[in-house]
Amino acid sequence: MRSSDKSDYALRGVSYLVVTVFTIFCLLPFVLIVSASVSEESQIMEHGFGLLPRGFSLTAYEFIFKSPRQLIGSYVVTITMTVFGTAIGLLIIAMTGYALQRKDFPLRNGISFFIYFTTLFSAGLAPTYLWVARELGLRGNYLAVFLQLLMTPWLIILMKNFVRSVPNEITESGKVDGAGDFRIFLRLILPMMKPALATTGLFLALGYWNEWYLSSLYLGSTVEFKPLQYYLYNVINTANALKSSMAGNNVTVTQLPTNTLKMASAVVATGPIVLLYPFVQRYFVSGITVGAVKG
Amino acid sequence: MAIQLDARRVRSGESRPAGDGRDRLRRIGHSKTLIIMCLPAILFFLVFAYAPLPGSWIAFTNFNYHDGIFGSPFVGLRNFEFLAKSGQLWKLTRNTLLYNVAFIVLGNIVQIAVAIMLNEIRSKYFKKVSQAVMFLPYFISVVLVGVIAFNLLNYDTGALNALIERTGGDPIKIYSQAGLWPFIIVLFHLWQSTGYGSIVYFAAILSIDSTLFEAAAIDGASAWQRTRYVILPSLKPTFIILLLFSLGGIMRGNFGLFWNLVGNNATLYDTTDIIETSVYRMIISQNNFTTSTAVGLYQSLFGFALVMLCNWLVRRVNEDYALF
């Protein structure tokens with residue numbers, strides 16, 4: 001056996017081992033949370049969380065689904081924002097991306113820089129907050145969250161890079177046929193960009209789905225139904241939120257299975273997106289590889 | 001990658017108008033539809049990115065709601081003076097920079113290592129599944145990361161302490177030991193970003209010309225030599241571009257991660273407070289707009305200068321890699 005063969009096997013062996021261990025590490029926390037959510041509260045209090053459920057009880061889930069008003073409201077808010085935000089954002093990003101890579105568009109460098117500059121220098125959080133909350137009057141308005149998540153410079157650049165792979169001749173042929181620029185975009189370019197739209201749309205959707213930050217700034221406790229992740233944030237971080245979201249259950253706070261409830265809330269708020277994950281994962285991969293090269 | 005950037009430069013060079021000003025105006029007039037197509041995006045950045053900029057003036061005032069941004073009394077640099085004298089500015093800068101350096105250095109090392117190892121794996125199914133699982137942590141919200149940390153680390157019921165107790169040790173009050181948190185935060189960061197980051201490097205390895213590997217095999221190169229002399233040099237352009245991007249953001253922090261791991265836990269601030277978390281806290285719980293604007297402006301200016309410096313340096317080393 002040559003030495004190169006031996007080292008090949010060694011590296012391959014180490015690779016399998018390390019990748020397996022790392023993969024397990026990525027998965028373990030999810031197991032921890034699911035296990036904890038179906039554990040018995042008394043056992044958790046005594047022995048702490050573990051990889052396997054301590055006892056078995058669905059009490060936490062029963063608590064959540066006994067008064068599901070908050071949760072359902074949060075789901076409705078998040079799903080509505082995600083669907084409309086992704087659709088509208090995607091259309092705007094695609095239009096902009098297409099226009100900005102048209103070589104015969106004289107303003108393309110100027111507009112590109114106008115958008116790119118916002119990543120180089122930005123007003124801090126405080127002036128932005130004052131502007132949006134006070135001057136635009138969007139405090140307590142879902143629009144403050146919805147609008148600010150519509151697009152990012154990065155997604156526009158990503159789209160621009162994607163559109164570049166559509167042959168220029170398509171646009172030219174459309175022009176020859178006498179179609180206007182918007183018609184060319186809508187009828188000829190968009191249908192060819194389905195993978196790009198899927199990837200960009202997924203990033204947008206993920207932004208809306210995982211949103212808690214803008215909600216904490218602009219919505220706080222002013223709205224009855226918080227976006228899903230912000231709802232989870234409150235359940236985890238404030239004892240009162242747990243109490244109020246279980247209101248109507250006629251229990252005193254001490255009776256609440258706090259630990260398992262937190263974990264069950266996490267499962268309920270995250271479960272659906274994790275189940276969806278295997279089907280959409282590949283679109284991300286293509287997006288990351290294309291987007292890695294900005295410009 | 002370098003080729004692609006080159007091509008872009010050539011192309012944009014071509015597109016520069018050759019004619020006189022009137023010709024340019026005429027061409028702009030012809031692209032009315034394209035301008036309209038860009039309008040929503042322009043409006044968006046105008047409203048949400050450019051319009052708040054003048055508000056940075058607050059940093060030089062003693063802001064109060066009644067007088068508004070431009071009516072509040074002007075105090076010059078006093079807000080900055082206060083920040084610098086209290087040591088606050090130094091602490092925040094130090095933490096932000098150190099965390100980012102750790103993230104960038106360790107992040108890239110781990111990502112490259114994982115990408116190389118993924119490339120060694122022959123089973124297609126194994127590769128696909130492990131890649132998908134490694135990518136999962138990026139997919140979930142940081143709020144859930146906070147839940148995971150609580151599950152693992154809390155004193156009364158944390159899984160880690162449960163394990164320690166079972167093996168006969170004494171439980172640790174992790175949430176009150178500031179010294180532990182840099183490690184915890186870096187680990188969680190790596191946990192969340194490695195799968196994501198390694199995809200880029202993995203793609204770069206896949207795009208390496210296979211004749212290079214064949215030549216190395218004929219020369220009897222060992223696996224280590226193959227990695228050292230073929231794979232690593234081919235990853236250099238990707239690495240430099242990614243490094244430049246991350247250096248540009250070195251004054252910005254991964255706010256969501258820090259806030260959901262640490263939040264309002266004051267005992268940990270010394271080692272965990274970064275610019276973003278302190279600004280957020282000032283706004284949310286203290287309604288303090290002067291200091292937070294001053295910190296934010298300092299961050300923006302410092303960050304901007306750093307990007308410019310990095311870009312200038314890179315341009316000197318190799319013009320192809322420069323951002324602009």
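- An unreviewed UniProt entry lists chain A under the name Sugar ABC transporter permease, with Paractinoplanes durhamensis as the source organism.
- Comment text from UniProt for chain A, heading Subcellular location (unreviewed entry), reads "Cell membrane".
- Its UniProt record, at the heading Sequence similarities (unreviewed entry), says of chain A: "Belongs to the binding-protein-dependent transport system permease family."

## Examining the overall build of chain B
Right, so step 1: Assigned secondary structure in chain B consists of 16 helices and zero strands.
Right, so step 2: Taken over C-alpha atoms, the radius of gyration comes to 25 Å for chain B, far larger than the 20 Å a tight globule of 324 residues would show.
Right, so step 3: Across the 324 residues that make up chain B, the buried fraction comes to 36%.
Right, so step 4: Of all intrachain contacts in chain B linking residues separated by at least 6 positions in sequence, the fraction that spans at least 24 positions is 66%.

## Concerning the interface of chain A and chain B
Right, so step 1: Contact with chain A, which involves 84 residues of that partner, is made by 84 residues of chain B.
Right, so step 2: Among the secondary structure elements, those contributing two or more residues to the side of chain A that touches chain B are helix H1 (3-37), helix H2 (41-47), helix H4 (69-101), helix H5 (108-120), helix H6 (125-135), helix H10 (181-192), helix H13 (228-237) and helix H15 (258-291) of chain A.
Right, so step 3: Examining the composition of the side of chain A that touches chain B, we find that 19 residues originate from one element, H1 of chain A, more than from any other.
Right, so step 4: In terms of residue class, the side of chain A that touches chain B is built from 53 nonpolar, 24 polar and seven charged.

## Structural notes on unusual backbone geometry
Right, so step 1: Of note, the phi angle at Asn287 of chain B is positive, near 55 degrees, even though the residue is not glycine.
Right, so step 2: On the secondary structure map, Asn287 of chain B appears in the loop between helix H15 (275-286) and helix H16 (289-317).

## What about the domain arrangement of chain A?
Residues and elements named next belong to chain A.
Right, so step 1: On domain assignment, one finds that chain A holds domain 1 (1-57) and domain 2 (60-295).
Right, so step 2: Domain 1 puts seven residues into the contact, and the matching count from domain 2 is eight residues.
Right, so step 3: Where the side of domain 1 that touches domain 2 is concerned, the elements lending two or more residues are H1 and H2.
Right, so step 4: Of the residues that constitute the side of domain 1 that touches domain 2, the class distribution is four nonpolar, two polar and one charged.

## Notes on the UniProt feature "transmembrane region" (unreviewed entry) in chain A
Right, so step 1: Listed under "transmembrane region" (unreviewed entry) in the UniProt record, and renumbered for this structure, are residues 16-38, 75-99, 111-130, 142-163, 184-209 and 263-280 of chain A.
Right, so step 2: A helix fraction of 96% and a strand fraction of 0% characterise residues 16-38 of chain A, whose end C-alpha atoms lie 33 Å from each other.

## Considering the environment of Leu206 of chain B
All names here are of chain B.
Right, so step 1: Mapped onto the fold, Leu206 is located in helix H10 (residues 181-206).
Right, so step 2: Leu206 gets classed as exposed once you count the C-beta atoms within 10 Å, which come to 12.
Right, so step 3: Between the C-alpha atom of Leu206 and that of Asn119, which follows or precedes it by 87 residues, the distance is 7.9 Å.

Analysis parameters
Residues numbered from 1 in each chain as written. Chains lettered and ligands numbered in written order. Predicted model: local features only at pLDDT ≥ 70, side-chain atom pairs only at ≥ 80, totals over all residues. UniProt positions renumbered as here; feature names shortened; annotations may be inferred. Helix = DSSP H or I, 4+ residues; strand = E, 2+ residues; numbered from the N terminus. Rg over C-alpha atoms; globule rule 2.2 N^0.38 Å. Buried ≥ 20, exposed ≤ 12 C-beta atoms within 10 Å, placed from the backbone. Contact = placed C-beta atoms within 7 Å. Nonpolar A, V, L, I, M, F, W, Y, C, P; charged D, E, K, R; others polar. Domains from an automatic or database assignment.

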